[in-house]
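The lines below spell out each chain.
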2 protein chains.
Amino acid sequence: MTVNIGLLGFGTVASGIPFLLQENGEKIVAASRSDLEITKVLVKDDEEKNRLLAAGNDYNFVTDVNEILNDSEIDIVVELMGRIEPARTFITSALEAGKHVVSANKDLIATHGKELIALAQDKGVAFYYEAAVAGGIPILRTLANSLTSDKVTRILGVLNGTSNFMMTKMVDEGWTYDAALKTAQELGYAESDPTNDVEGIDAAYKAVILSQFGFGMTLDFAAVSHKGITTITPDDVAVAQELGYVIKLVGDVREVESGISAEVAPTFLPKGHPLASVNGVMNAVFVESIGIGESMYYGPGAGQKPTATSVAADIVRIARRINDKNVGKPFNEFARETKLANPADVFAKYYFAIDVPDKKGQILRLAEIFNAQNISFEQVLQQKANGEVARVVIITHELSQTQLEDVTADLNAVADFTVVNTFKVLGD
Amino acid sequence: MTVNIGLLGFGTVASGIPFLLQENGEKIVAASRSDLEITKVLVKDDEEKNRLLAAGNDYNFVTDVNEILNDSEIDIVVELMGRIEPARTFITSALEAGKHVVSANKDLIATHGKELIALAQDKGVAFYYEAAVAGGIPILRTLANSLTSDKVTRILGVLNGTSNFMMTKMVDEGWTYDAALKTAQELGYAESDPTNDVEGIDAAYKAVILSQFGFGMTLDFAAVSHKGITTITPDDVAVAQELGYVIKLVGDVREVESGISAEVAPTFLPKGHPLASVNGVMNAVFVESIGIGESMYYGPGAGQKPTATSVAADIVRIARRINDKNVGKPFNEFARETKLANPADVFAKYYFAIDVPDKKGQILRLAEIFNAQNISFEQVLQQKANGEVARVVIITHELSQTQLEDVTADLNAVADFTVVNTFKVLGD
Ligand SMILES: NC(=O)c1ccc[n+]([C@@H]2O[C@H](COP(=O)([O-])OP(=O)(O)OC[C@H]3O[C@@H](n4cnc5c(N)ncnc54)[C@H](OP(=O)(O)O)[C@@H]3O)[C@@H](O)[C@H]2O)c1
Ligand SMILES: NC(=O)c1ccc[n+]([C@@H]2O[C@H](COP(=O)([O-])OP(=O)(O)OC[C@H]3O[C@@H](n4cnc5c(N)ncnc54)[C@H](OP(=O)(O)O)[C@@H]3O)[C@@H](O)[C@H]2O)c1
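Since the structure is predicted, the reported quantities are computational estimates derived from the model, not experimental observations.

Trainee: I'm lost on the pattern of salt bridges in this one. Help?
Mentor: The tally for this structure, following the rule as stated, stands at 42 salt bridges over all chains. Arg391(A) serves as the salt-bridge partner of Asp235(A), at 3.8 Å between the closest nitrogen and oxygen. With Asp235(A) in helix α12 (residues 234-242) and Arg391(A) in strand β15 (residues 389-396), this residue pair connects regions lying 156 residues apart in the sequence. Assessed through its relative accessible area of 42%, Asp235(A) is described here as partly exposed. The class for Arg391(A) is buried, based on a relative accessible area of 14%. The salt bridge partner of Lys40(B) is Asp71(B), with a shortest N-O separation of 2.8 Å. Here the residue Lys40(B) occupies a position in strand β2 (residues 35-42), and Asp71(B) occupies one in the loop between α4 (66-69) and β4 (76-79), the gap between them amounting to 31 residues. You'll find Lys40(B) and Asp71(B) in the same group, each marked buried. By sharing partners, the salt bridges in this structure join Arg33(A), Arg320(A), Asp324(A), Lys329(B) and Glu333(B) into a single network.

Here is the structure:
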């Protein structure tokens, strides 16, 4: 049997698939129990088509998506164009035409996944997207298959390679944010508009998808709070190091009594935490669960070959299931009613960097404010004054998100205090 | 539908399964699309049965295995007794009776897996054993499912929690081997006879199983060379640290031009290697592949709940497939002709600790011997003499296993040289 594939887009990731089929074809064909054939590839225009042909690519390039959508021979449509539109329209049409779909498009899946998944179910076709979270790390399939027997209580992830590369440079080599961004752009890790990476938006997309697989709950993107790495200063980095932490942009999804809480934010990780040594463009997903306890899945979060490998794993799985005549099962079957956590129920330690006047008695003034919200200090560090202003660094004991909001408001209400930064602090 | 389970043995791991079914029952039943019921539990004798009943265990305990094997209502037999016999006979009978089997018995699977897998195939039943390698880490299923699209080139693993606990104490806290073993025994990590753990035998069992999933090759246990941690001295540990390495017992399976090579041995890991920070009883499997590149799977290698979680994942998978009417697929479908690597083809750097007379010119004598085998030095360290004898530590550039054997023989032929230890050294 031959399973025919139509590719939408032939950019970075898509052009890695022929490599795998060539270098690992025998194993892939055996596992698929089918020959896999890329029968058509959608590109934008004739110019692109001619450029790719001239470069030696031996595919049937088409410029009209209908040539793929209306081709009854094509079994699987693999969308690797990125962006919301026209990807959303193309995938919708493909599913409606009864084709299985593979995608790596986290932006689309995090924001419109629900309707696409429902449509696929309705049509009895597969819609798989392992590559959408943490590129080469097979985390979604692992959560869906191996952790079915387990109950996940928290997922912590270093989910964005670009910002992690930048943070690694800032932490290990003392680079400034701007220098790190410039190098990330030069190396092709960051796009010219790096907003999604550095503001935690890309990681928040991934947190939405992880919530489905880990907790069976479908969050709206808006329910994932996100804060990026743009506000982290060299001072924060230095203090973190002094106190035995590294700062990373961490996605944190957890279930508490009242429901699920998801956020992406710069986070103090103790140096001994397995996520603390995830450096450069590597990603990792750290899972806490009642059965396994603690497990971590580590690998490249992006890149042509790793991402194409995840896409190819989805293709193989669909091909097998076409053969087994049980294709059409949802990628993730775990579903419960979505309940958002009450912020009064979500606890963490926090780091506060606060500028205060360089006068006696400031720690006492701070202690009174925190104390009024029932928050106690684990560590306090008063740094040398810089002109009129002294920097006080506080690491608190655990407090709720409600307490965090309240105490921040209280601190902001004091005219001569400036809350420079507030970051979450994880335990070992 | 109800899927009925018969447990063989009710020790550490087996008694963790009721916990999971109770704490995570809803998710497990939904994923299984069946109710799972433990209908019979085999224990050794009436004394054990009465003890367990008195302790409040509400199961149908039986002391004759035939009550399970001949019970046509039982769909899945879960063997958690350990040892080769009678586990082998019981599993064989269960498979012959057309029952699906789940086991965590690495000793048995590494030494007699081939015939059991063939029998299961023959009978069209499932034989799954995720828990046999690295306890709670879902590495086998991940290799079988997610890495089908990839070609694995090397698997490195910290695969034995007991020895890793001991090595961590020896490296981080300077304990002696004997002190580390004593504590491991007190904490219940090591058995009274710790041979399998400390001699690398347990890790070698796991290497056999990993070879099947990662490389599609079934090795005889005898083809996995193994060396344990018993010969590691505090001097080795100190030198390793000085040179920027940590020593761990590492399973190493790789494919070279001529075939596959598998060994378990104390190994120098550069401090920055992801495996270097796998401490205590944690395990990790580090995979190198042409697609993903480098990925690592980290978690508890043993323990009641983690291991029971892997066993339960196998049970869920079988129950689903009974429902889908496609049960009976092999756990691992990847199979190629087994070819053993030619030792002349398997390269690594090595650490040599050699005692030489405390006289001038010894490094030159050593250099001549290594040079005659075409081996060059990367680092040499001459330590202060202790009486008449000086310790020279050498880290070589890459050499083949044949060169290693030859040079070791040459060194041993020199009357006043003593090769104290030789360990493999990994690059970053
Ligand atoms: N790169 C990674 O490491 C990585 C990792 C994980 C997930 N992903 C996801 O994988 C997807 C693809 O990423 P990528 O890095 O491969 O992106 P890319 O290199 O920009 O490739 C996308 C390709 O699709 C083409 N395209 C866009 N719209 C099209 C249209 N309407 N018709 C035909 N072709 C169209 C683009 O052409 P133009 O260049 O002419 O616009 C480009 O060649 C994205 O969803 C991304 O988020 C990527
Ligand atoms: N413990 C772990 O963390 C772990 C991790 C990975 C894999 N495993 C594997 O899981 C398996 C079980 O390990 P475990 O730690 O649970 O061992 P365990 O605590 O010793 O449990 C084995 C149980 O089976 C019983 N048993 C032995 N032979 C029997 C027989 N003929 N009939 C009835 N019952 C019998 C034993 O009874 P007696 O005590 O009376 O002999 C004991 O209660 C082993 O294959 C082990 O290698 C264990």
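Having seen the structure, we can now continue with the description.
Trainee: Just checking my understanding: could you explain the packing of aromatic side chains for this structure?
Mentor: For any pair of aromatic rings, geometry is given as the distance between the ring centres together with the angle between the planes. What the rule picks out here adds up to 32 aromatic pairs over all chains. Ring geometry for Tyr205(B) versus Phe221(B): centroids 4.9 Å apart, planes at 40°, classification tilted. Of the two residues, Tyr205(B) sits in helix α11 (residues 201-215) while Phe221(B) sits in the loop between α11 and β8 (225-226), which places them 16 residues apart along the sequence. Tyr205(B) gets classed as buried once you look at its relative accessible area, which sits at 11%. Take Phe221(B): its relative accessible area is 23%, and that puts it in the partly exposed class. Linked through ring pairs, Phe127(A), Tyr128(A), Tyr129(A), Phe213(A) and Phe331(A) together constitute an aromatic cluster. The residue whose ring lies beneath Lys27(A) is Phe334(B), and the NZ or CZ to ring-centre distance is 4.5 Å. We note Lys305(A) situated over the ring of Phe19(A); from NZ or CZ to the ring centre the distance is 4.3 Å.

Trainee: Explain the interface of chain A and chain B to me, please; I cannot follow it from the model alone.
Mentor: Listed by partner, the interface residues are 45 residues for chain A and 46 residues for chain B. Summed over both sides, the interface between chain A and chain B buries roughly 4,000 Å², with carbon and sulfur atoms accounting for 53% of that surface. Of all residues in chain A, Lys27(A), Ser149(A) and Tyr298(A) bury the most surface against chain B, accounting for 16% of the area lost on that side. The interface formed by chain A and chain B holds six salt bridges in total. Measuring nitrogen to oxygen at the nearest pair gives 2.4 Å for the salt bridge that ties Lys329(B) to Asp324(A). With nine residues, helix α13 (residues 304-324) of chain A is the largest single contributor of residues to the side of chain A that touches chain B.

Trainee: It is not clear to me how the sheet that holds strand β1 (residues 2-8) of chain B should be interpreted in this structure. Could you clarify?
Mentor: In a beta sheet, neighbouring strands pair by backbone hydrogen bonds and run either parallel or antiparallel. All names here are of chain B. What the six strands build is an open sheet, ordered β3-β2-β1-β4-β5-β6; its pairing is parallel. Because the sheet does not close on itself, it has two edges, and the strands there are β3 (61-62) and β6 (127-128). Bridging between β2 and β3 involves two bridges; their strand directions are parallel. Of the residues in β3, the one forming a bridge with Val 41 is Phe 61. Sitting on the sheet, helix α5 (residues 87-96) touches β1, β2, β4, β5 (100-103) and β6, and the angle it makes with β5 is about 155°. Relative to β5, helix α13 (residues 304-324) is tilted by about 165°, and along the sheet it contacts β1, β2, β4, β5 and β6.

Quick notes on the rules
Residues numbered from 1 in each chain as written. Chains lettered and ligands numbered in written order. Predicted model: local features only at pLDDT ≥ 70, side-chain atom pairs only at ≥ 80, totals over all residues. Heavy atoms only, no water. Salt bridge = Lys/Arg side-chain N within 4 Å of Asp/Glu carboxyl O. Helix = DSSP H or I, 4+ residues; strand = E, 2+ residues; numbered from the N terminus. Buried < 20%, exposed > 50% of the residue type's maximum accessible area, 1.4 Å probe, protein only. Phe/Tyr/Trp six-rings, centres within 6.5 Å; stacked < 30°, edge-to-face > 60°. Lys NZ or Arg CZ within 6 Å of the ring centre and 35° of its normal. Contact = heavy atoms within 4.5 Å. Buried area = accessible area lost by both parts, 1.4 Å probe. Pairing = 2+ DSSP bridges. Axes fitted to C-alpha atoms, helices over the stretch in contact; angles between N-to-C directions.

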